[in-house]
Structures are given as structure tokens and as C-alpha cells.
Amino acid sequence: MVIPQTVFSEMEKWTRLKMLGPDAFDFAQRMFSRAFNGSDLTPKPSLFLSAEGRVSAFFWAMPETDGLLLFVPSAQADALAALIERYHFAEKFSVVRLSEVGLKVQESRNTGPWIWRGLEFCFGEESNDWTSLRIEAGIPSFPEDYSTETLVFDLGLQDLCDPDKGCYIGQEVVERVRTRGGRGARSLVTLEWDAPVQPHEKVMNTAGEPVGELTRSFVSRGGQFLSLSFLTRGHEAEETFIS
């Protein structure tokens, strides 16, 4: 079996989309999963959800005095631009596509802007392959780990849905699940293995029952083999193996 030493550096390149105009914040408040009121200029990781609570796009949004600057994984840039255009009616703003930038990610114990799940994100000319960091942090990547049909709670990204911001697309589903325990039918988790694994292999418990499936995210680092996997709710703490 071939051991992939480094895979999926797809999130190194990000496309910048600038929402420019006086109504950019109103649109973001109505559509995005995070609160944007125009006075708080803190950058935030955010989601564009479907009405069913499925993740259509993940991105970073940086408020500026004249609008919002979005950093989008290049694999999702066209889809996000199309969504903004589809729901853009009378609001006074335009979307300008800027050049791609790199992303450099490093571990951080601090708190503050550009830090999420113990990682500091730095957009600019430099980039690094942060596959192992995102797998350890449980951060999914499109399309390796999910599709536009995947629910936000299955990916564990409900922390990117502000509970007190008011209505946005998908908000009713998110809040309904929160009132019922705040968990999906499955969970995206990081698993460690003694040997290499293959994408979409079935995960079994010690009783030989199927309890999940690997995604396509896998990394070998210093003798460790890490993968992201979907496990059925209630089986996250069980000992598992590959079928």
C-alpha cells in the first residue's frame, strides 16, 4: 500500500471576493451565519447555509469601512459568488473578484482576530500545507470531506452560527437542532491509526458493527496516521478499526 505523505494542500490558495457598497453588511447579516453589524471590524470564519442547514460555502469575512472582504477556498469561490448574486436583490453593493492569495496557518494558544480552533490564519503571499493541522483540529475541506448536501451539525461547524444574530438562511434548522440537543445524526471526528488507510473505508466497532466512514482527508506525520471520519452519533468514544 502506498503511503501518501502529504495530501490535499487544496486550501493553500484562496480567492478574495470584495463586497463593496453601503448595503454589504445588511446583506451579510441577512445571509451569512455570523453577525455583521458594520461597527465590529473583527474578521470571522463564516458559512453560507442552505434553507435546510446544509453547508454551501465556508469562508473568512473581514469587515472593512467600505464593505466586506471575503477569503474563500478557491474550490468554492465560484459557488459563493453565484449564491451572493442569486440572493442579491435591491441591496446597494457589488461583488469584485480580486487575485488569489496564499494561506499560512500555525498553531496558537492566543485568542483574538484570525484565530479559530487553536490555529492562526494569515492570508498573504506565503502559504503552507496545513493538512495535518486542520485534520487534528477537525476542520473539514471541500470537496474532500463534504459536499453541498452535508449538514452543518454533521461537520461540527455550529460554532460558526451565531445564536443571537437573528434570521439568516438556515437559521430555523440550526436553532431547532440546538433546542433538541445540538447534535447531528453523525459527527466528524479525527481518528488515529497504526497504519495507512484509504478514502471512504468503513469504520467498525469492536463488535464488528459499521459505525462510520472515512473521508478523503488523511495525513502521515512522524509515524502517525490521522484521518477525518464521520461516525454515527453515540459511537464517538468507542474503539474503532477499519473493515
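The preceding data block contains the structure.
In short, a report on the structure. (Residues numbered from 1 in each chain as written. Predicted model: local features only at pLDDT ≥ 70, side-chain atom pairs only at ≥ 80, totals over all residues. Heavy atoms only, no water.)

## Looking at unusual backbone geometry
With an omega of 0 degrees, the peptide bond between Phe142 and Pro143 qualifies as cis. Note that Pro143 resides in the loop between helix H3 (131-137) and helix H4 (171-179). With a phi close to 70 degrees, Trp114 is a non-glycine residue in the positive phi region. Tracing the backbone shows Trp114 in the loop between strand S5 (94-107) and strand S6 (115-116). (Helix = DSSP H or I, 4+ residues; strand = E, 2+ residues; numbered from the N terminus.)

## Describing a nonpolar patch on the surface
Together, Leu20, Val96 and Leu98 line one region of the surface with nonpolar side chains, adding up to about 200 Å² of accessible area. The residue Leu98 is located in strand S5 in this model. (Patch = residues over 30% accessible without salt bridge, like charges linked within 9 Å, V, L, I, M, F, W, Y side chains within 5 Å. Areas by Shrake-Rupley, 256 points an atom, 1.4 Å probe, with all protein chains shown as cover. Salt bridge = Lys/Arg side-chain N within 4 Å of Asp/Glu carboxyl O.)

## Re the state of the cysteines
For the structure on display, the rule yields 0 disulfides. Here Cys161 is not cross-linked by a disulfide; its sulfur's nearest cysteine counterpart is in Cys167, at 14 Å. By relative accessible area, Cys161 is classed as buried at 1%. (Disulfide = S-S within 2.5 Å. Buried < 20%, exposed > 50% of the residue type's maximum accessible area, 1.4 Å probe, protein only.)

## Considering the sheet that holds S6
One open sheet holds the 7 strands; their spatial order is S2-S3-S4-S1-S5-S7-S6, and the pairing between them is antiparallel. Only two strands of the sheet have a single neighbouring strand rather than two, namely strand S2 (44-49) and S6. Across 6 bridges, S5 lies against strand S7 (residues 119-124) in antiparallel orientation. Bridge pairing in S7 links Leu103 to Phe123. Against the sheet, helix H2 (residues 74-87) engages strand S1 (13-20), S2, strand S3 (55-64), strand S4 (67-73) and S5, with an angle of about 140 degrees to S4. (Pairing = 2+ DSSP bridges. Contact = heavy atoms within 4.5 Å. Axes fitted to C-alpha atoms, helices over the stretch in contact; angles between N-to-C directions.)

## With respect to helix H1 (residues 24-31)
Given 3.6 residues to a turn, an α-helix orients residues that are three or four positions apart in the same direction. For H1, the complete set of buried residues consists of Ala24, Phe25, Phe27, Ala28 and Met31. Taken around the axis of H1, the buried residues stretch over an arc of 160 degrees, which confines them to a single face. Taken together, the buried residues of H1 touch S1, S2, S3, S4 and H2. (Arc of directions from axis to C-beta.)

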